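Descriptive structure summary
Next come the chains, spelled out residue by residue.
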Amino acid sequence: LSGITITDHEALCGHMEINQYAKTLKEEYPDFKVALGNEIYLCQNRENGQKYYHFILIAKNKIGHRALRELSSRAWMNSWYDRGMERVVTTYEDLKEIMNKYPGSVIATSACMGGELSTQTHNMITARMIKDSVSAEAAHDRIVNFILFCKEIFGEDFYIECAPGKSEDQIAVNKT
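Residues numbered from 1 in each chain as written. Predicted model: local features only at pLDDT ≥ 70, side-chain atom pairs only at ≥ 80, totals over all residues. Heavy atoms only, no water.

If you trace the backbone, Leu68 turns up in helix H2 (residues 62-77). Overall, Leu68 belongs to the buried group, its relative accessible area being 2%. Between the alpha carbons of Leu68 and Val134 there is a distance of 37 Å; along the sequence they are 66 residues apart. With sequence-adjacent residues up to four places away left out, Leu68 is seen in contact with Leu12, Leu36, Gly37, Asn38, Leu57 and Ala59. (Helix = DSSP H or I, 4+ residues; strand = E, 2+ residues; numbered from the N terminus. Buried < 20%, exposed > 50% of the residue type's maximum accessible area, 1.4 Å probe, protein only. Contact = heavy atoms within 4.5 Å.)

This is the structure in structure tokens:
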């Protein structure tokens, strides 16, 4: 590997420890890169009972890390309990507002099968399989709107994750 990024689920607390470890790595491997990120839960709102979609943010620089800290602080200040767990959510509105303050400083990826893009892609595949054109079109529209939202905020710094996997669902989502 030539680098690694730490992206704990809605937590930045590992960044201090990994930064200390990165100094040790640099001594032996000066070209090895360590990046700091956060796997947030990105949702339209802060309501109980919803799906908490995964979304990955990676700081490109110190300004980007400031953006991550601001997003995380807001998410934690607005946390609540749903289905027995503390929910720490970044809303679309929060993401747009804060990232507009720090343009070009963060890389974003669509995340794993727990992300909105993969979930909606899976929903579209399933709807097509059972010939439910209404649900397939609705999932397609959510996919398009999600990608347009991400491109508006992150531009060329938005990436679609195609995770390696052997599950039929992961393979189908990657192909689609």
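So much for the structure itself; the text now carries on.
Let us look at the nonpolar core. The biggest cluster of nonpolar side chains holds 28 residues, and the ones touching the most others in it are Phe55, Leu57, Leu95, Met99, Phe146 and Phe154. When contributions to this core are tallied by element, the ones reaching two or more residues are strand S2 (33-43), strand S3 (53-59), H2, helix H3 (92-101), strand S7 (106-109), helix H4 (116-129) and helix H5 (133-154). Broken down by element, this core gets its largest block of residues, eight residues, from H5. Discounting residues that sit within four places of it in the chain, Phe154 has contacts with Phe55, Leu57, Leu95, Met99, Val106 and Ala108. (Core = buried A, V, L, I, M, F, W, Y, C linked by side-chain atoms within 4.5 Å.)

A few words on the packing of aromatic side chains. Taken as a whole, this structure holds six aromatic pairs when the rule is applied. Taken together, a centroid distance of 4.5 Å and an interplanar angle of 50° make the contact between Tyr92 and Phe149 tilted. Note that Tyr92 is positioned in helix H3 and Phe149 in helix H5, a separation of 57 residues in sequence. Across the pair, exposure class does not vary: Tyr92 and Phe149 are buried alike. Summarising the aromatic geometry, the rings of Phe146 and Phe158 are spaced 6.3 Å apart at their centres and angled 75° between planes, so their arrangement reads as edge-to-face. Highlighted residues: Phe146 in helix H5 and Phe158 in strand S8 (residues 158-159), separated in sequence by 12 residues. Relative accessible area serves as the criterion here: at 8%, Phe158 is assigned to the buried category. Counting every residue linked through ring pairs, the aromatic cluster contains Phe55, Phe146, Phe154 and Phe158. (Phe/Tyr/Trp six-rings, centres within 6.5 Å; stacked < 30°, edge-to-face > 60°.)

The subject of this paragraph is the side chain of Ser118. Assignment of secondary structure puts Ser118 in helix H4. Taking the relative accessible area as the measure of exposure, Ser118 reaches 4% and is therefore buried. Among the polar contacts listed, one links the side chain of Ser118 to the backbone oxygen of Cys112, at a separation of 3.4 Å. Beyond its immediate chain neighbours, meaning those up to four positions away, Ser118 contacts Ala111, Cys112, Met113 and Val173. (Polar contact = N/O pair within 3.5 Å; in protein donor to acceptor, adjacent residues only side chain to side chain.)

Located in the positive-phi region is Glu10, a residue other than glycine, with phi close to 40°. Mapped onto the elements, Glu10 comes out in the loop between strand S1 (3-6) and helix H1 (14-28). According to the relative accessible area criterion, Glu10 is buried, its value standing at 2%.

On inspection of all chains with the given rule, the structure shows eight salt bridges. Note that Glu70 is salt-bridged to Lys101, the shortest N-O span being 2.6 Å. Residue Glu70 is found in helix H2, and its partner Lys101 is found in helix H3; the two are separated by 31 residues along the sequence. Owing to a relative accessible area of 22%, Glu70 belongs among the partly exposed residues under this scheme. A salt bridge links Arg74 to Asp94; the shortest N-O distance between them is 3.0 Å. In this pair, Arg74 is assigned in helix H2 and Asp94 in helix H3, connecting sequence segments 20 residues apart. (Salt bridge = Lys/Arg side-chain N within 4 Å of Asp/Glu carboxyl O.)

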